[in-house]
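# Coordinates in review
Okay, here's what each chain looks like letter by letter:
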Amino acid sequence: MEKSIKICMGSSCYSRGNQENLERIERYLSDRQISCAIDLRGSRCEGLCSEGPNIEINGQLHGSVHAETIEQLLDQYLGLH
C-alpha cells in the first residue's frame, strides 16, 4: 500500500500552521530520502476548519497538528521507527 500525506491548504489551516507543517514534512521526507515513496499532496478546505490545522496520513485524519507533533506523527504512520 502506498503511503500518503494530504495536507489541508485552505486559508484557515494554512494560516494556523500548515504552512510550517508543509515545510517540515518536505524536510522530513528529503532528510530520509523517501520523497519518491510518499504521495504528498495538498487539498482545498474540507470543512473541518475548527479542528485545524488538518493533515491526513495514510487515510487517518489528524486535527490540531502543529510543529511540535508533526514529526512524531510522521514517524508513527510512515513506519520509520
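Higher on the page you've got the structure.
Since the structure is predicted, the reported quantities are computational estimates derived from the model, not experimental observations. (Residues numbered from 1 in each chain as written. Predicted model: local features only at pLDDT ≥ 70, side-chain atom pairs only at ≥ 80, totals over all residues. Heavy atoms only, no water.)

## Details of the overall build of the protein
The secondary structure content of the protein amounts to two helices and four strands. Its helices and strands taken in sequence order, the protein reads β-α-β-β-β-α from the N to the C terminus. Against the globule reference of 12 Å for 81 residues, the protein gives a C-alpha radius of gyration of 12 Å, in line with a compact fold. For the protein, the spread of C-alpha atoms along the principal axes amounts to about 30 × 25 × 20 Å. Counting across all 81 residues of the protein, residues that qualify as buried make up 35%. Entry remark: accessible area of the protein is about 5000 Å², with carbon and sulfur atoms responsible for 44%. Placing the 8 positive and 12 negative side-chain charges of the protein at their respective mean positions leaves the two points 3 Å apart. (Helix = DSSP H or I, 4+ residues; strand = E, 2+ residues; numbered from the N terminus. Rg over C-alpha atoms; globule rule 2.2 N^0.38 Å. Buried < 20%, exposed > 50% of the residue type's maximum accessible area, 1.4 Å probe, protein only. Areas by Shrake-Rupley, 256 points an atom, 1.4 Å probe, with all protein chains shown as cover. Lys, Arg positive; Asp, Glu negative; His and termini not counted. Charge placed at Lys NZ, Arg CZ, Asp CG, Glu CD.)

## Some words on the side chain of Asn 54
By the element assignment, Asn 54 lies in the loop between strand 2 (38-43) and strand 3 (55-57). On the basis of relative accessibility, which here comes to 6%, the residue Asn 54 falls in the buried class. At a separation of 3.0 Å, a polar atom in the side chain of Asn 54 contacts the main-chain carbonyl oxygen of Leu 48. Beyond its immediate sequence surroundings of up to four residues, Asn 54 is in contact with Ile 7, Cys 8, Cys 13, Asn 18, Leu 48, Cys 49, Leu 61, His 62, Gly 63 and Ser 64. (Polar contact = N/O pair within 3.5 Å; in protein donor to acceptor, adjacent residues only side chain to side chain. Contact = heavy atoms within 4.5 Å.)

## Regarding the pattern of salt bridges
Taken as a whole, this structure holds five salt bridges when the rule is applied. Linking Glu 56 and Lys 6 is a salt bridge whose minimum nitrogen-to-oxygen distance equals 4.0 Å. Taken as a pair, Glu 56 in strand 3 and Lys 6 in strand 1 (residues 3-8) lie far apart in primary sequence, 50 residues in all. Exposure remark for Glu 56: the relative accessible area of 23% places this residue in the partly exposed category. With a relative accessible area of 26%, Lys 6 lands in the partly exposed category. Each of Lys 6, Glu 46 and Glu 56 takes part in a single network of salt bridges with overlapping partners. (Salt bridge = Lys/Arg side-chain N within 4 Å of Asp/Glu carboxyl O.)

## Notes on the sheet that holds strand 4 (residues 60-62)
Hydrogen bonding along the main chain pairs the strands of a sheet, whether they run parallel or antiparallel. In spatial order, the strands read 2-1-3-4; together these four strands make up an open sheet with mixed pairing. Edge positions in the sheet fall to strand 2 and strand 4, since each has one partner strand and no second. Between one strand axis and the next, the sheet turns by 20° as a mean value, whatever way the strands run. Helix-sheet contacts for helix 1 (residues 11-31) involve strand 1, strand 2 and strand 3, and the interaxial angle to strand 1 is about 150°. (Pairing = 2+ DSSP bridges. Axes fitted to C-alpha atoms, helices over the stretch in contact; angles between N-to-C directions.)

## Observations concerning the environment of Arg 24
With respect to the helices and strands, the residue Arg 24 is situated in helix 1. When the C-alpha positions of Arg 24 and Leu 48 are compared, they lie 22 Å apart, and in sequence the two are 24 residues distant. Apart from the residues lying within four places of it in its own chain, the contact partners of Arg 24 are Ala 67 and Ile 70.

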